[in-house]
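Summary of the model geometry
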Protein chains: 2
Amino acid sequence: MGLEIMEKDVEIVFQPSGRRGRVPAGTTILAAAQGMGVGIEAVCGGKGVCGKCRVIIEEGRFEKLGLVSSKAHVSGLSAVEEKFLSPEELARGYRLACLAQVRESLVVTVPEESRTAKQVILEQGRERSYRLAPAVKQYSLVLPPASLSDARDDRQRLLEALEERYGLKDLIVDYTVLRDLPLLLRKEEWQVTVTLWQGREIIRVVPGAEVSHSLGIAIDVGTTTLAAFLCDLTTGELLGKASRMNPQIGYGEDVLARISYAMTEEEGREKLQQAMLEAISVLAEEMTAKIGREALEVDEIVLVYNTAMHHFTLGLEPKHMGRSPFVPAVSVPLDIKARDLGVKINPAGNIHSLPVEAGFVGPDNVAVLIAEEPYRSNSIKLIIDIGTNGEIDLGNKDRLLSTSCATGPALEGAQIAFGMRAAPGAIERVEIDPETKEPRYKVIGEDKWYPELKVTGAQGICGSGIIDVVAELHRAGIISKAGRINGRLETPRVRKDESGKLQYVLAWAEETAIHKDIVITQGDIRAVQLAKGAIYVGARYLMEKYGCDHVDEVILAGAFGSYINKRSAMALGLFPDCDPEKVKAVGNAAGDGARLALLDVEKRREAARVARQVEFVETAVEPDFQARFMEALSIPHAKDEFPHLG
Amino acid sequence: MGLEIMEKDVEIVFQPSGRRGRVPAGTTILAAAQGMGVGIEAVCGGKGVCGKCRVIIEEGRFEKLGLVSSKAHVSGLSAVEEKFLSPEELARGYRLACLAQVRESLVVTVPEESRTAKQVILEQGRERSYRLAPAVKQYSLVLPPASLSDARDDRQRLLEALEERYGLKDLIVDYTVLRDLPLLLRKEEWQVTVTLWQGREIIRVVPGAEVSHSLGIAIDVGTTTLAAFLCDLTTGELLGKASRMNPQIGYGEDVLARISYAMTEEEGREKLQQAMLEAISVLAEEMTAKIGREALEVDEIVLVYNTAMHHFTLGLEPKHMGRSPFVPAVSVPLDIKARDLGVKINPAGNIHSLPVEAGFVGPDNVAVLIAEEPYRSNSIKLIIDIGTNGEIDLGNKDRLLSTSCATGPALEGAQIAFGMRAAPGAIERVEIDPETKEPRYKVIGEDKWYPELKVTGAQGICGSGIIDVVAELHRAGIISKAGRINGRLETPRVRKDESGKLQYVLAWAEETAIHKDIVITQGDIRAVQLAKGAIYVGARYLMEKYGCDHVDEVILAGAFGSYINKRSAMALGLFPDCDPEKVKAVGNAAGDGARLALLDVEKRREAARVARQVEFVETAVEPDFQARFMEALSIPHAKDEFPHLG
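The structure displayed is predicted, hence computed values, not measured ones.

**A short note on the overall build of chain A**
In terms of helices and strands, chain A carries 17 helices and 32 strands. Relative to a compact globule of 646 residues, whose C-alpha radius of gyration would be 26 Å, chain A shows 28 Å and is just as compact. Considering only C-alpha atoms, chain A reaches an extent of 90 × 60 × 55 Å along its principal axes. By the burial criterion, 50% of the 646 residues in chain A qualify as buried. Put simply, of all contacts in chain A between residues at least 6 apart along the chain, 65% involve residues at least 24 apart.

**A closer look at the packing of helix α11 (residues 363-372) of chain B against helix α16 (residues 601-613) of chain B**
All names here are of chain B. Packing of α11 against α16 leaves a shortest axis separation of 9 Å and a crossing angle of 115°. The crossing of α11 and α16 is right-handed. Contacts between α11 and α16 pair V366, L369 and I370 from the former with K603, E606, A607, V610 and A611 from the latter. Of the residues belonging to the contact of α11 with α16, the class tally is six nonpolar, no polar and two charged.

**Here's the deal with the pairing of strand β23 (residues 426-432) of chain A**
Residues and elements named next belong to chain A. Buried residues dominate β23, accounting for five of its seven residues. In the sheet, β23 pairs with strand β26 (residues 460-461) via two bridges, with the strands oriented parallel. Across the sheet, the residue bridging to I427 is I461, located in β26. In the sheet, β23 pairs with strand β24 (residues 439-443) via five bridges, with the strands oriented antiparallel. What sits directly across from E431, in β24, is R440. Here β23 hands over to β24 after six residues, with K437 in that stretch at a positive phi of 65°.

**Focus: the sheet that holds strand β29 (residues 518-521) of chain A**
All names here are of chain A. Pairing in this open sheet of three strands is antiparallel, and the strands run β27-β28-β29 from one edge to the other. Every interior strand has two partners, whereas the edge strands, β27 (494-496) and β29, have only one. Neighbour-to-neighbour, the strand axes of this sheet turn through a mean angle of 45°, independent of strand direction. Sheet analysis places strand β28 (residues 502-507) next to β29, joined by four bridges and oriented antiparallel. Residue pairing across strands places Q503 opposite T521, the latter belonging to β29.

**What to know about the interface of chain B and chain A**
Chain B puts 31 residues into the contact, and the matching count from chain A is 31 residues. Contributions of two or more residues to the side of chain B that touches chain A are made by α5 (154-166) and α6 (175-187) of chain B. It is α6 of chain B that provides the largest number of residues to the side of chain B that touches chain A, a total of seven residues. Its residues assigned to classes, the side of chain B that touches chain A shows 17 nonpolar, six polar and eight charged.

**Brief notes about the sheet that holds strand β28 (residues 502-507) of chain B**
Residues and elements named next belong to chain B. The strand order across the open sheet built from three strands is β27-β28-β29, with neighbouring strands paired in antiparallel fashion. The open sheet terminates on both sides in strands that have one partner only, identified here as β27 (494-496) and β29 (518-521). This sheet shows a mean twist of 45° between the axes of neighbouring strands, independent of strand direction. Against the sheet, helix α13 (residues 522-546) engages β28 and β29, with an angle of about 60° to β29.

**A look at the relation of the copies chain B and chain A**
The operation relating chain B to chain A is a screw motion whose rotation component is 180°, with 0.0 Å of axial translation and a residual RMSD of 0.2 Å. What the superposition gives is, in effect, a two-fold axis relating one chain to the other. Considering only C-alpha atoms, the part of chain B nearest the rotation axis is D340 of chain B, at 4.1 Å. With an isologous cut-off of 70% or more, the 100% of interface residues of chain B that recur at the interface of chain A puts this contact in the isologous class.

**A few points about helix α12 (residues 463-475) of chain A**
What sets the pattern is the α-helix's 3.6 residues per turn: residues three or four places apart point alike. Residues and elements named next belong to chain A. Between its first and last C-alpha, α12 extends 19 Å over 13 residues, near the 18 Å set by a 1.5 Å rise per residue. Where burial is concerned, most of α12 is hidden: twelve out of the 13 residues are buried. Taken as a whole, α12 has its buried residues at G463, S464, G465, I466, I467, D468, V469, V470, A471, E472, L473 and H474. Following α12 by one or two positions, G477 has its phi on the positive side, about 75°.

**Observations regarding the environment of A414 of chain B**
All names here are of chain B. One can find A414 in the loop between β22 (400-406) and β23 (426-432). Here A414 falls in the buried class, since 23 other C-beta atoms lie within 10 Å of it. Residues A414 and V469, spaced 55 residues apart in sequence, show a C-alpha to C-alpha distance of 15 Å. Once you skip the residues sitting within four places of it in the chain, A414 turns out to touch T224, P409 and G419.

**Observations regarding the packing of helix α7 (residues 255-264) of chain A against helix α8 (residues 268-290) of chain A**
Residues and elements named next belong to chain A. Their axes nearest at 6 Å, the elements α7 and α8 cross at an angle of 125°. When the interaxial angle is binned, α7 and α8 end up oblique. Residues R258, Y261, A262, M263 and T264 of α7 form the contact with α8, whose participating residues are G268, R269 and L272. Looking at the contact of α7 with α8 residue by residue, the class counts come to four nonpolar, two polar and two charged.

**Some remarks on the domain arrangement of chain A**
Domain boundaries in chain A define domain 1 (2-116), domain 2 (136-207), domain 3 (230-353), domain 4 (363-409 + 528-631) and domain 5 (423-516). Just the C-alpha atoms count here: the centres of domain 3 of chain A and domain 5 of chain A sit 36 Å apart.

**Side note on unusual backbone geometry**
With the exception of glycine, the majority of residues adopt a negative phi angle, and the majority of peptide bonds are in the trans configuration. A cis amide bond, omega 10°, links Y450 of chain A with the succeeding residue P451 of chain A. Locating P451 of chain A in the fold gives a position in the loop between β25 (449-450) and β26. If you check the backbone angles, D170 of chain A has positive phi at about 55° while not being a glycine. Relative to the helices and strands, D170 of chain A resides in the loop between α5 (154-166) and β11 (172-173). Accessibility expressed as a C-beta count within 10 Å gives 8 for D170 of chain A, which makes it exposed. Its identity as a non-glycine residue notwithstanding, E267 of chain B has a phi of 55°, on the positive side.

**Notes on α5 of chain B**
All names here are of chain B. Between its first and last C-alpha, α5 extends 18 Å over 13 residues, near the 18 Å set by a 1.5 Å rise per residue. Along α5, the residues that are buried comprise D154, R155, R157, L158, L159, A161 and L162. Residues of α5 that are buried make contact with β10 (136-142), β11 (172-173), α6 and β12 (191-197).

**Some remarks on the confidence of the model for chain A**
Residue and element names in this part refer to chain A. Mean pLDDT over chain A: 89, with 94% of residues reaching 70 or higher. With pLDDT under 50 throughout, residues 1-6 is counted as low confidence; its partners more than four residues away or in other chains account for five contacts. Scoring the predicted complex yields pTM 0.80 and, for the interface, ipTM 0.79.

**Side note on the environment of T234 of chain B**
Residues and elements named next belong to chain B. Tracing the chain through its elements places T234 in the loop between β15 (225-232) and β16 (238-245). For T234, a count of 19 C-beta atoms within 10 Å gives the class partly exposed. Linking T234 and R128, residues 106 residues apart in sequence, is a C-alpha distance of 18 Å. Those residues in contact with T234, other than ones at most four positions away along the chain, are P16, Q138, H213 and S214.

What counts, and at which threshold
Residues numbered from 1 in each chain as written. Chains lettered and ligands numbered in written order. Predicted model: local features only at pLDDT ≥ 70, side-chain atom pairs only at ≥ 80, totals over all residues. Helix = DSSP H or I, 4+ residues; strand = E, 2+ residues; numbered from the N terminus. Rg over C-alpha atoms; globule rule 2.2 N^0.38 Å. Buried ≥ 20, exposed ≤ 12 C-beta atoms within 10 Å, placed from the backbone. Contact = placed C-beta atoms within 7 Å. Axes fitted to C-alpha atoms, helices over the stretch in contact; angles between N-to-C directions. Left-handed = near helix turned anticlockwise from the far one by under 90°. Nonpolar A, V, L, I, M, F, W, Y, C, P; charged D, E, K, R; others polar. Pairing = 2+ DSSP bridges. Least-squares fit on C-alpha atoms with pLDDT ≥ 70 in both. Expected span 1.5 Å × (residues − 1). Parallel < 35°, antiparallel > 145°, perpendicular 65-115°, else oblique. Domains from an automatic or database assignment. pLDDT = per-residue confidence, 0-100.

Now the structure itself:
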């Protein structure tokens, strides 16, 4: 008879992931989990020695799952489990997954402390390892109904049930949740799902047991562009992304213009902030609508930005941040109620802001650092984050330096004659034939390149395309080392505009979606040179300060449409020489860092630590800065300076 | 030369009270304080033994006070002080007041722990002893200016200075305070005054050192009337008071009508709440304007109310509170940000709500209990709080029982033919001559009585007047024991209205400000009988439950214009027999309790404790309730039942 039982298949559902499957009766819960890709910590390898693989056997009838789960549906308690688990834990259904064998259908909750670190691929990012441990978690439970003999108030009833069921103590209930609590508790016969923030505050109560997963959003707030990522906070899954122009551009193209606006215009600071908060609300609404959800279901937003955007977004007085001694109002990470900012998500939800580093280096650079983790590296990494302001980090586990440099928005596709942000219709890749001077290019949203594609959807050129085109113009001999267009070439692609200035025609009007020639002007090339010169000089200063004459790795980051082409970046001389094998383009690392902070609270603590530890290097005050900057404007080809360029 | 110094007079200023005066050099700080009425704890009587009289000698130039203070301006450190004070405390300027002698002008801060309990008279309340220890306190300090070599962010700079100067640690800064922090710190050359809530949260930063004292408001939110008290949170002084009708009356006269409105009308609950919150904002604005201040300077409001008003004011769903098993949404004391409620005081300020007891007994009764403190008493106290709902407490330090009874609003002057709330123009005292049947009465706002005053400002009659007039009508033989008006008396005061119903004319049209006869109808008398009957029966049930056949003291409370006349209340049979010497009318004890909770955080903890401990007794469900209630309607005169009436 024992054998018969062993051969029966039973159903098992793991929470909170919702993974389900059938396993033969007699399988240990750990083996079942491993077979279904559910990560349970088992340090001793399932030998019953470490006591880490604690899981909770749920009790009850689960209508939507179509099964009944009971503590009696697993094998009897072993002596080892009695040693590792307290009587209270045993009463709550705790077992060790490596010892408890499945006998009948089961719902098993894997508590956070038992989950293994998860290796995930951040879409449009690098493969990065993190523990799925968001600030927001959901707990389902059934309360004893109110009666004349049990007339506890609703809040107390809920808190005591949470303590009894999950051992959660000393919780606070957000005021907005209290308001409707009597209705919410009674709607589904006292069965509710509670959303807890940071293990201490109830920020949502929803009637019923199997409710939608919590949503979270990470936003990289750039001076020019916002990039937003919508995530499932229970599974870590990326549910959507969206980007839009920074609406503050209407009040000033760059940071200084906006500080000036905030200081001189009436309610200027409030207007800047309101524009941003509305944009964030719209992003939340758009992204959730696309998956059939609502912005009010978003429980947390993590924001990263440079220090100026940080002040503008949070409505902090920016005047003193913009003048010596460049002191921000606040540096530490902040948690602000969504309703205090007027962001239209769950009003009890949280807006988490990553910390500011010293000087002008902002939370966006902290996000890059927690994504790239140079502080765990033995080799020396040079990290370049390209935005309207460039941020550069250099170092390893021993020491970490940061600086920022004014690159201007050219490398993001702004202030370029036909520049645009990375969106469908933007030229993102360019190659130029050194013989014919004819280009090939690829447009975002199209698989084929021009001229294979005769008519393209090209509307302009984005950051990665700009870098490509300048590098290729030089490689094809169309521009000189100094960046000057050669007007004596026999090609229709090089021509003069009405005022006699030379330009290169990248796309003819008839191929494009805008029915205009898309051209690269002498001014565009100059803007790229200024940007790359600033970055190069900044990196060099950091190397001198660190005391190294080469770097082991170069990481190119930036919120481009696709990854920056590292060959083009090298050809331009964007950074000091490095083995091309050791140069990596990682896309929007700041956005990745924001998502990691959203999905794993430990990353927030890491961010707070690194923000305090990183040393800020002020480069613009160096006496030889100007001379070195001018020198760095030329486009290199010399083998001595860049042996790896070949 | 020593003698010369001893004969010099020096100036001394005590903070935070601001008391100042001149004392001979050589006086101890304790003696100076005692001479100026500044309470400093000195358990050992100034013998240098207890170490309790710790004070802080301030350092610096105090422009507005016109003096310079220094640690060097007091006598040298004694061995006893070195024993009692740590090196850090000595560095911060701590001394023992009984040992340190004044040598030159001084500013001395008396820290909270060293202040003695204060005996104060709550205006319009009893003399009650409390420790002045509000949730809100102010701290002045000067920060080191920001510089390139000290570029800490503004928040950090402030927090570190507060820790260094006052030993305050782990503070949080409200988001609304962060916004303008850079401006506030720099406005007066880095000198600021910080307002701290509950010793942990910065809720206000004001430039400069000697700023206005924090303001707080206590409000007793009655079903019919709001009574508000504006207090100086540094001195405890009552700065003003105001009252107004409960604006929710427009949505329903009584609690049940308002619950029904909230449940059936669209946004009914929101409208009820908004009306109340606007009224609170208006009260704050009016009261502060009267003393030349602004509502935004109010840092805390303490609210007390019955459970229904508690739900309506906080916007809590009231449906389930009004039906069996009568479960409130929340019972514990609540602290809610003023901005979350939209009350227009300091947006970072706090709205504190006293806790709800079991059943329908609300925070207003808890306020009465912390004002009267029956739980500290050896003798058995009967406390009757008269409002639209009456609350009755009975007990002593061993046991405490509560019940509530539906009195209706008659005893507050509502639903009475010429009833009005206690405001100028209301008749608050009445006597009737048993021979002539002619009345004497006194109007709020006038010193003299009618008929000494031939023309009065009478507009109507308030609660205390109603109780007086019914008791006097009976004493004068105008109404029977059953409350019926005798129509056969030879007096023009008793007459019939158009429909033939008897009434008593309290004031002739020509004496009044409304140019109408003010009359007491048979219906008015009936309403008072119903109210007093409900209270009497409730008190009797509590005595039976407690197991006592008499009470040692009776406390009559209620938000009347003046105190209820205890003789009239006894004559009516409002409460069981008691020695008249032991009957006290204490006015608005709920309002007093709210003020005590505003001025002393320990009173809030006491409130939370007593709310959990008091036993609720449900009386209306008793089988003999109806019969006993009917019996209690008659107006007593029998010596056996009320031996003390005589």
